[in-house]
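Topology and contacts: notes
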Amino acid sequence: MTTTRRRMPGPDCEVVALAADLVRIDSSNPTLAPHGAGESTIAGYCAAWLSTRGFTTIRLESTPGRPSILATGAGRGGGRSIMLNGHLDTVSLAGYDGDPLDPVVDDGRLHGRGSYDMKAGIAAILVAAARAHHHPHGGDVVLALVADEEDTSIGTEEVLTHLRAAGTEIDAAVVAEPTGLDLVTCHKGFVWADVTLIGVAAHGSRPDLGVDAITKAGAFLTGLDRLAADLGTRPGHPVLGAGSVHAGVIDGGQETSSYPDRCRITVERRTVPGEDAALFEAELRAILDPIIASQPGLGAGVVMGLERRPLDGDPTQGVTPTLSSAVADVTGRPAHHRGEAFWTDGALLADAGVPAVLFGVDGAGAHASTEWVDLGSLHDTARAVERAITAWTGMARTE
């Protein structure tokens, strides 16, 4: 059977056409991709789209060229507010199989960079919010369309800083990450650390003077491997399971004919609720201390880096029950709740006191050479989020 490939615009459907428009815009993250375009163009597009539909928009850009959009559809009082959060950036366009900015519909799927992660999600929450805001509602509908989630999440952090300064409280949030129409209420966090083994530089002909930091690092790596195995045996989280650890980057030495006085190893610890940077640092010290004590002339340093806490949501709290009912109504089957291994901005929202749940489209290819979103799931996501907004924010208060 021959499959028809059709270039967008495709079906006469608002949410699909919007997703295709977003795919056409290069918003690759410039801190991850050399010459990445950043979020300026797509932020402007989304702000204009929402403004024409009755939303008040603010452009937040404390980092030049890395804007986020905060848009509010004001309620009429008497209801709860909701935030719809989604990231505007994508990973690099390089290595994509075909034209990453040419949205193509093929057999019920929309292809293109960011189609799955997460421009379809952005399209779904924009359309859902606009449709819900078209009717009277009590609580505010707030969209946070953020920069930089693919790196260090400066966008959501800036949004939260702005809301705190303004004294604005948000009652619940839906983060439109691609979840295959499941509701993700918890996910792992992570901590980064740089471990440096410090030896003694010397000419390669003088083993009596040199302490080889690179070879001595082998004992640390062996200890790290033992820690990884030990983590796998711990009880862990009832949904997320155990944490993990791995070495991500290693570098050291100056030239072949010298004993290296430095070997730096960047380590990542994936954490579950109850684990944090302090625990990770203690684990690293427990590996390093006996090595240093047994190796004359060897030293070590640990510098803790970025920490992102896990998300540990309660499926009975926040907007999750309301969204679960909406998903069941739209799909005709009970909503499935689960956890996720990767980190998202949902954890930042939860840490700020905003109960957050992840919900979005089905598809595949996040960060891969091909990427696509299932259009049926895109329709269902928009419809379910619209219903949840209406139910959560409530009918407008009558005077």
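Above: the structure in question.
Below: a short report on this structure. Not measured: the values here are computed from a predicted model.

1. Describing helix H7 (residues 320–331)
- Its twelve residues place the ends of H7 16 Å apart at the C-alpha level, agreeing with the 16 Å of an ideal helix rising 1.5 Å per residue.
- Buried within H7 we find Thr 320, Thr 322, Leu 323, Ser 324, Ala 326, Val 327, Val 330 and Thr 331.
- Close packing links the buried residues of H7 with strand E8 (173–175), strand E9 (183–187), strand E17 (337–340), strand E18 (356–359) and helix H9 (375–393).
- Following H7 by one or two positions, Gly 332 adopts a phi angle in the positive range, close to 80°.

2. Thoughts on the layout of surface pockets
- Taken as a whole, the largest pocket encloses approximately 480 Å³ of empty space.
- As for the largest pocket, its lining consists of 20 residues, and the residues nearest its centre are Glu 149, Glu 150, Phe 342, Trp 343 and His 367.
- Elements with a minimum of two residues in the lining of the largest pocket: helix H3 (115–133), strand E10 (189–198) and strand E14 (262–271).
- Here the lining of the largest pocket is built from residues that sort into nine nonpolar, three polar and eight charged.
- Its boundaries defined by the atoms lining it, the second largest pocket holds a volume of some 230 Å³.
- Lining the second largest pocket are 20 residues; nearest its centre among them are Pro 310, Leu 311, Asp 312, Gly 313 and Ala 350.

3. Considerations on the pairing of E9
- With five of five residues buried, E9 lies mostly within the body of the structure.
- Sheet analysis places E9 next to E17, joined by four bridges and oriented parallel. Within E17, the residue paired with Val 184 across the bridge is Arg 338.
- Here E9 pairs with E18 via two bridges, running antiparallel. Looking at E18, one finds that Leu 183 is bridged to Phe 359.
- Bridge analysis of E9 against strand E16 (residues 311–312) gives two bridges, and the strand direction is antiparallel. Bridged to His 187 within E16 is Leu 311.

4. Remarks on the sheet that holds E14
- If you walk across this open sheet you meet the four strands as E12-E14-E10-E15, and the pairing is antiparallel. Strands with a single pairing partner mark the edges of an open sheet, and in this sheet they are strand E12 (244–252) and strand E15 (299–308). Each adjacent strand pair in this sheet contributes to an overall mean axis angle of 20°, direction not counted.
- Pairing of E10 with E14 involves ten bridges; the strand directions are antiparallel. Note that in E14 the partner of Val 191 across the bridge is Arg 269.
- Contacts from helix H5 (residues 213–233) reach E10, E12 and E14, with the element oriented near 10° to E14.
- The strands that helix H6 (residues 277–294) touches are E10, E12, E14 and E15; relative to E15, the one it contacts most, it runs at about 165°.

Procedures and definitions
Residues numbered from 1 in each chain as written. Predicted model: local features only at pLDDT ≥ 70, side-chain atom pairs only at ≥ 80, totals over all residues. Heavy atoms only, no water. Helix = DSSP H or I, 4+ residues; strand = E, 2+ residues; numbered from the N terminus. Expected span 1.5 Å × (residues − 1). Buried < 20%, exposed > 50% of the residue type's maximum accessible area, 1.4 Å probe, protein only. Contact = heavy atoms within 4.5 Å. 1 Å grid on protein atoms, 1.4 Å probe; cavity = no way out; pocket = protein on both sides within 12 Å on 5 of 7 lines; lining within 4 Å. Points joined across faces, edges and corners; volume = space filled by probe spheres on them. Nonpolar A, V, L, I, M, F, W, Y, C, P; charged D, E, K, R; others polar. Pairing = 2+ DSSP bridges. Axes fitted to C-alpha atoms, helices over the stretch in contact; angles between N-to-C directions.

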